[in-house]
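One-letter residues, chain by chain:
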Amino acid sequence: MAGGDHVPVLLEEAVTALAVQPDGTYVDATYGRGGHARAILARLARTGRLFAFDRDPAAAASARDIHDPRFVFRSCWFSQLVEELAALGVLRVDGVLLDLGISSPQIDDSTRGFSFRADGPLDMRMDPARGESAAAFLARVTARELTEVIREYGEERFAQSIARAIVAARAVAPVVGTRQLAAIVAQAVGARPRGDRSQDPATRTFQALRIFVNRELAELTLILPRVVPMLATRGRLAVISFHSLEDRIVKRFLASASQPFGGDPRLARLPIRTAALPPAPLMLVGRAIRPTEREVAANPRARSATLRVAERTPHPVPAGFGATPRP
Ligand SMILES: C[S@@+](CC[C@H](N)C(=O)[O-])C[C@H]1O[C@@H](n2cnc3c(N)ncnc32)[C@H](O)[C@@H]1O
């Protein structure tokens, strides 16, 4: 089954948060199907520019539909976008949007293996050209490592039973299908598969494997400090996250980067007068924004979304910046 459309989450809120200047230069680090990108383009004048990135080849194919001289798309993992922009001659930007996680077309395309709603190969890579598929990972991982992955990234209390069940199952036959994995998980936790993302016993295990296979938290931890020095004064960083693990990283990063110690947590612990510390490179803009009930009713994927926004101050990025707290 091929993927359908993607309904962008917090569309108005995120684009408003970027405070788009008509002649500004913007980055959409997670193009997906371009919902946010199109809304940003709509606010740009002829002199504005939008650079978009995504590591999924289907997103790259969709970006080819935008024929606009102000728009440039490059396939890359967003931790590398600073280099990609530099290669395009772009060293300063007025806003960066990160809309994390996966898109509906990725979930809906059973050949990608993100979902158990339909049977498909257990791949789960956003970029199928790089890294290990979920099936390859499950074929080699120890029960102990797998328990950690499922517990940490899936926040799954039955992680150990599930990991043991997967290791036992693969001794009989390789675990290579989405429905096969969902059935193993359901049996391990003594529940019936429901095929519904919000309630199926396999939901957390699928989330954990997807986060692991795509190095999602590492990518996020790498990119946040890297975009700050690129932001022009008053430039905005807007991040939409979809689960608590991501949101915790974003929240902690923004909190520390908006402290006088400039995001270096080591300095915060020293007995130094605040005035002697480097001023903060970022300033928080408002509180976390969540979707309205109306948006969630229209688009259930929005229910766990959180948008956080920060603005670049005029202060230089201090040395040591980027020593972000560990997730
Ligand atoms: C939630 S969707 C974005 C949807 C988009 N804002 C829209 O309106 O269509 C997230 C997208 O980010 C991409 N993505 C996630 N992590 C990435 C990473 N580390 N590097 C590049 N792309 C990534 C995924 O492939 C997916 O297409």
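Presented here is an overview of the structure given in this document. The shown structure was predicted, so the numbers you read here are calculated from the model rather than taken from an experiment. (Residues numbered from 1 in each chain as written. Predicted model: local features only at pLDDT ≥ 70, side-chain atom pairs only at ≥ 80, totals over all residues. Heavy atoms only, no water.)

## Let's talk about the site of the ligand
In step 1: Of all residues adjacent to the ligand, which total 24 residues, the nearest are His36, Asp54, Phe78, Asp99 and Glu219.
In step 2: Here Arg33 contributes a backbone N or O atom positioned 2.8 Å from an oxygen atom of the ligand.
In step 3: Within the contact set of the ligand, an oxygen atom lies 2.9 Å away from a side-chain nitrogen or oxygen of Gln106.
In step 4: Contact with the protein chains hides 99% of the accessible area of the ligand, taken as 600 Å² for the molecule alone.
In step 5: For the shell around the ligand, the residue count by class is 8 nonpolar, 9 polar and 7 charged. (Near = heavy atom within 4 Å. Polar contact = N/O pair within 3.5 Å; in protein donor to acceptor, adjacent residues only side chain to side chain. Areas by Shrake-Rupley, 256 points an atom, 1.4 Å probe, with all protein chains shown as cover. Nonpolar A, V, L, I, M, F, W, Y, C, P; charged D, E, K, R; others polar.)

## Digging into the pairing of strand 1 (residues 25-28)
In step 1: Residue alternation in strand 1 divides its side chains into two sets, Thr25 and Val27 and Tyr26 and Asp28, and both sets are buried.
In step 2: Direction of pairing for strand 1 relative to strand 2 (residues 49-54): parallel, over a ladder of 4 bridges. Its bridge partner lying in strand 2, Val27 is registered against Phe51.
In step 3: With 3 bridges connecting them, strand 1 and strand 4 (residues 93-99) associate as parallel partners. Looking at the pairing, Asp28 lines up with Leu97 of strand 4. (Buried < 20%, exposed > 50% of the residue type's maximum accessible area, 1.4 Å probe, protein only. Helix = DSSP H or I, 4+ residues; strand = E, 2+ residues; numbered from the N terminus. Pairing = 2+ DSSP bridges.)

## Describing the pattern of salt bridges
Pairing is possible between side chains that carry opposite charge, provided their charged atoms lie close to one another.
In step 1: In this structure the tally under the stated criterion is 12 salt bridges.
In step 2: In this structure, Arg236 and Glu311 form a salt bridge, with 2.8 Å as the shortest nitrogen-oxygen distance. Taken as a pair, Arg236 in strand 5 (residues 231-241) and Glu311 in strand 7 (residues 306-312) lie far apart in primary sequence, 75 residues in all.
In step 3: You can call Arg236 buried: its relative accessible area is 13%.
In step 4: With a relative accessible area of 7%, Glu311 lands in the buried category. (Salt bridge = Lys/Arg side-chain N within 4 Å of Asp/Glu carboxyl O.)

## Thoughts on the packing of aromatic side chains
In step 1: Inspection of the entire model under this criterion finds 4 aromatic pairs.
In step 2: Measuring from ring centre to ring centre gives 4.9 Å for Phe116 and Phe206, while their planes differ by 85°; the resulting arrangement is edge-to-face. Here the residue Phe116 occupies a position in the loop between helix 5 (104-108) and helix 6 (134-140), and Phe206 occupies one in helix 10 (residues 203-213), the gap between them amounting to 90 residues. The exposure classification of Phe116 matches that of Phe206, with both residues buried.
In step 3: A network of ring pairs unites the aromatic residues Tyr31, Phe71 and Phe73 as a single cluster.
In step 4: Lying across the ring of Trp77, Arg130 places its NZ or CZ 3.8 Å from the centre. (Phe/Tyr/Trp six-rings, centres within 6.5 Å; stacked < 30°, edge-to-face > 60°. Lys NZ or Arg CZ within 6 Å of the ring centre and 35° of its normal.)

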